[in-house]
Amino acid sequence: KRMISIRKNICIVLSLIGLGLQSCDKLDMAPTDSIDPSKAFRNLDDVNMGVLGAYAPLSTTLLEAGAIVSDEVLLPTENTVSNTALHRWMYNSSYGSVTSAWNEYYVVIDRVNHVLEALPNITVTGNNQILKNQYEAELLALRAYSHFELLRGYASSYDTEGMGVPYMKARALGYPARPTVKSNYEDINADLQVAKDLMPTSFTENIRITKTAISAIQARVALYAKNWSDAIKYASEVISAEPLAPKNDFPKIWEDKSNSEVVWKLARVIGDSRLGAAFYREAGGIVLYAPSSKLINTFNKTDDIRYAAYIKDDPSRVGPSPSIKSQYLVNKYIGGNTTNPGLTDVKIFRTGEMVLIRAEAEAESNSATGLTNAANDLNSLRRERIHNYVNQTFSSKQILLENIYNERFKELAFEGHRFYDLKRLKLPVERLTQDAANTSSAVKLEPTAAQYCFPIPNDEMAVNKNMVQNPKYGKD
């Protein structure tokens, strides 16, 4: 009820902001229907509505796309209706399933900048200054997070000299060029540090960005930037504040019955899009995407508590040969509401990811202590996820890292990491033969292929004279 009330309350402010977001025929002409932020935001209540309005467009587009193009799902032959070209790596700059996130995140960023522009004009006293600081911190962190998600999806590479994405620090019309990835990292980290300094530790509502959530964003950014010391530092802050879920709580996370180890999530209420239904299942029981054999084979089905939480084995779906139906289904997003299956909060940051970030960074730190710490982290995660687990030792750094990568494959399955992990490690996407029966020969995606990076949208290329397309896409 609280979330529904919040969403009703933001409608007025969103309508005002929306007027300022409407595009012009020419990019160098100021919109005549723009609302002055000083008139839209007159007090802290207005600001809060503006902050909520900035959160509102956050989507799961890049999460979904990252799963579909990777090796963690397969395309059952019963799916003849949804995103088959995406799974087969046939997308280009006009393909909305990979390009729509560009607009979605820049809408978030524009709304953030709209409210930030108004904040200096809001006069407060006493404890209201703390609240004002919180709102500013949320906005700056949300701007940083949104740019980083754009970077993950659309950077030509994650190397410092790769082509990044325009970093919008203010509302402006123009022709922004692509800065380097290094420049993006610098701007992201700068926004996050200011946000962290402003954010009161007393604010702990995990459907919004908190100080712990900022640490989690910083840790993920540091991992991609290969800043190992910062990755260790920030991941440790999260682990200290939000320990791993105990075994009996972990399955409840995915039914929205426990917030254990959930650092930041997108709340979903009745009427919202249902990730577990619209993405993995269609009305009528059609399975759109199923867990791949490659992923299933990594689990100890008996002892690993993640297996049943993430994957449903339903032999009753498989009829006489040849059957077009998948025996396995994604269970992770089915949720706990039987009347609205698939309606579940989207977990953006969890402590499980932070343990694996710290383990990888420790292993890459090139010290005996680091390797020991990394092995301890990996073993600690596995102990919480696997019954009867016995600690392992690893004979080399490379073997340890490979175990960490494989653990990310399992732990973070369907959470929007696999494709981007392969990209940051410069590894191909490789599907098993049994997972590729319906891929039209899309079995191996090399790092040299165009589709290894998502394309800049055709609309952006058409209106922005300074925009450069990712390699090998050409003119679609």
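Remember, it's a predicted structure, so these values are computed and weren't measured experimentally.

Re the packing of helix α10 (residues 211–225) against helix α11 (residues 228–241)
Packing of α10 against α11 leaves a shortest axis separation of 8 Å and a crossing angle of 150°. With respect to each other, α10 and α11 are oriented roughly antiparallel. As for the relative orientation of α10 and α11, their crossing is left-handed in sense. For the pair α10 and α11, the contacting residues are Thr-212, Ser-215, Ala-216, Gln-218, Ala-219, Ala-222 and Leu-223 in the first and Trp-228, Asp-230, Ala-231, Tyr-234, Ala-235, Glu-237, Val-238 and Ala-241 in the second.

Re unusual backbone geometry
One non-glycine residue, Trp-89, adopts positive backbone phi at about 60°. Counting through the fold element by element, Trp-89 comes out in the loop between α6 (84–87) and α7 (96–118). Even without glycine at this site, Ser-441 takes up a positive phi of about 70°. When you line up the elements, Ser-441 lands in the loop between β9 (429–430) and β10 (444–445). Since its relative accessible area comes to 69%, Ser-441 is described here as exposed.

Details of the pairing of strand β2 (residues 262–266)
With five of its five residues buried, β2 lies for the most part within the structure. Note that β2 and strand β8 (residues 346–350) share four bridges and pair antiparallel. Pairing of Leu-266 across the sheet is with Val-346, part of β8.

What to know about the nonpolar core
With 130 residues, the main nonpolar core has Trp-264, Phe-414 and Phe-454 as its most contacted residues. Ranked by residue count, the leading element in this core is helix α8 (residues 128–154), at twelve residues.

Topic: empty space enclosed by the protein
Applying the stated criterion across every chain, the model contains one cavity of 30 Å³ or more. Its volume calculated, the largest cavity comes out at about 190 Å³. In terms of lining, the largest cavity is formed by 17 residues, of which the most central are Leu-63, Tyr-145, Glu-149, Ile-348 and Glu-415. Looking at the lining of the largest cavity, the elements that each hand over two or more residues are α5 (61–68), α8 and β8. Among the residues making up the lining of the largest cavity, the classes are represented as eight nonpolar, four polar and five charged.

A look at the pattern of salt bridges
A side chain of one charge can pair with a side chain of the opposite charge if their charged atoms are brought near each other. Tallied over the full model, the rule gives 36 salt bridges. Among the ionic pairs, Arg-220 bridges to Glu-353, the shortest N-O distance being 2.8 Å. Taken together, the residues Arg-220 in helix α10 and Glu-353 in helix α16 (residues 351–364) connect sequence positions 133 residues apart. Of the two residues, Arg-220 and Glu-353, neither departs from the other in class, the shared state being buried.

Topic: the packing of aromatic side chains
The way to describe two aromatic rings as a pair is by their centre distance and the angle between their planes. Taken as a whole and assessed by the stated rule, the structure comprises 19 aromatic pairs. Here the aromatic rings of Phe-299 and Tyr-307 are separated by 5.9 Å at their centres, their planes lie at 55°, and the arrangement is tilted. Here Phe-299 and Tyr-307 have matching classes, each one buried. Aromatic pair Tyr-420 and Phe-454: ring centres 6.3 Å apart, planes at 90°, arrangement edge-to-face. Here Tyr-420 is found in helix α19 (residues 418–424), whereas its partner Phe-454 is found in the loop between β10 and α20 (458–463), with 34 residues between them in sequence.

As for helix α9 (residues 181–198)
Taking 1.5 Å per residue, 18 residues should reach 26 Å; α9 reaches 26 Å between its end C-alpha atoms and fits that length. Burial in α9 covers these residues: Val-181, Asn-184, Tyr-185, Asp-187, Ile-188, Asp-191, Leu-192, Ala-195 and Lys-196. Looking at the buried side of α9, the elements it contacts are α8, α10 and α11.

Let's talk about helix α4 (residues 44–55)
Every α-helix winds through 3.6 residues per turn, so residues three or four apart in the chain are directed the same way. For α4, which comprises twelve residues, the first-to-last C-alpha distance of 17 Å matches the rise-based estimate of 16 Å (1.5 Å per residue) to within 8%. Burial analysis of α4 places eleven of its twelve residues in the buried class, which makes it a mostly covered element. Three or more residues of α4 are buried, namely Leu-44, Asp-46, Val-47, Asn-48, Met-49, Gly-50, Val-51, Leu-52, Gly-53, Ala-54 and Tyr-55. The distance from a side-chain oxygen at the start of α4 to the backbone nitrogen of Asp-45 is 3.1 Å, and the residue carrying that oxygen is Asn-43.

Side note on the environment of Val-238
Along the polypeptide, Val-238 turns up in helix α11. By relative accessible area, Val-238 is classed as buried at 0%. A C-alpha to C-alpha distance of 9.3 Å links Val-238 and Glu-261, two positions 23 residues apart in sequence. In this structure Val-238 touches Thr-212, Ser-215, Ala-216, Val-263 and Met-354, once residues within four positions along its chain are discounted.

Conventions and cut-offs
- Residues numbered from 1 in each chain as written.
- Predicted model: local features only at pLDDT ≥ 70, side-chain atom pairs only at ≥ 80, totals over all residues.
- Heavy atoms only, no water.
- Axes fitted to C-alpha atoms, helices over the stretch in contact; angles between N-to-C directions.
- Helix = DSSP H or I, 4+ residues; strand = E, 2+ residues; numbered from the N terminus.
- Parallel < 35°, antiparallel > 145°, perpendicular 65-115°, else oblique.
- Left-handed = near helix turned anticlockwise from the far one by under 90°.
- Contact = heavy atoms within 4.5 Å.
- Buried < 20%, exposed > 50% of the residue type's maximum accessible area, 1.4 Å probe, protein only.
- Pairing = 2+ DSSP bridges.
- Core = buried A, V, L, I, M, F, W, Y, C linked by side-chain atoms within 4.5 Å.
- 1 Å grid on protein atoms, 1.4 Å probe; cavity = no way out; pocket = protein on both sides within 12 Å on 5 of 7 lines; lining within 4 Å.
- Points joined across faces, edges and corners; volume = space filled by probe spheres on them.
- Nonpolar A, V, L, I, M, F, W, Y, C, P; charged D, E, K, R; others polar.
- Salt bridge = Lys/Arg side-chain N within 4 Å of Asp/Glu carboxyl O.
- Phe/Tyr/Trp six-rings, centres within 6.5 Å; stacked < 30°, edge-to-face > 60°.
- Expected span 1.5 Å × (residues − 1).
- Polar contact = N/O pair within 3.5 Å; in protein donor to acceptor, adjacent residues only side chain to side chain.

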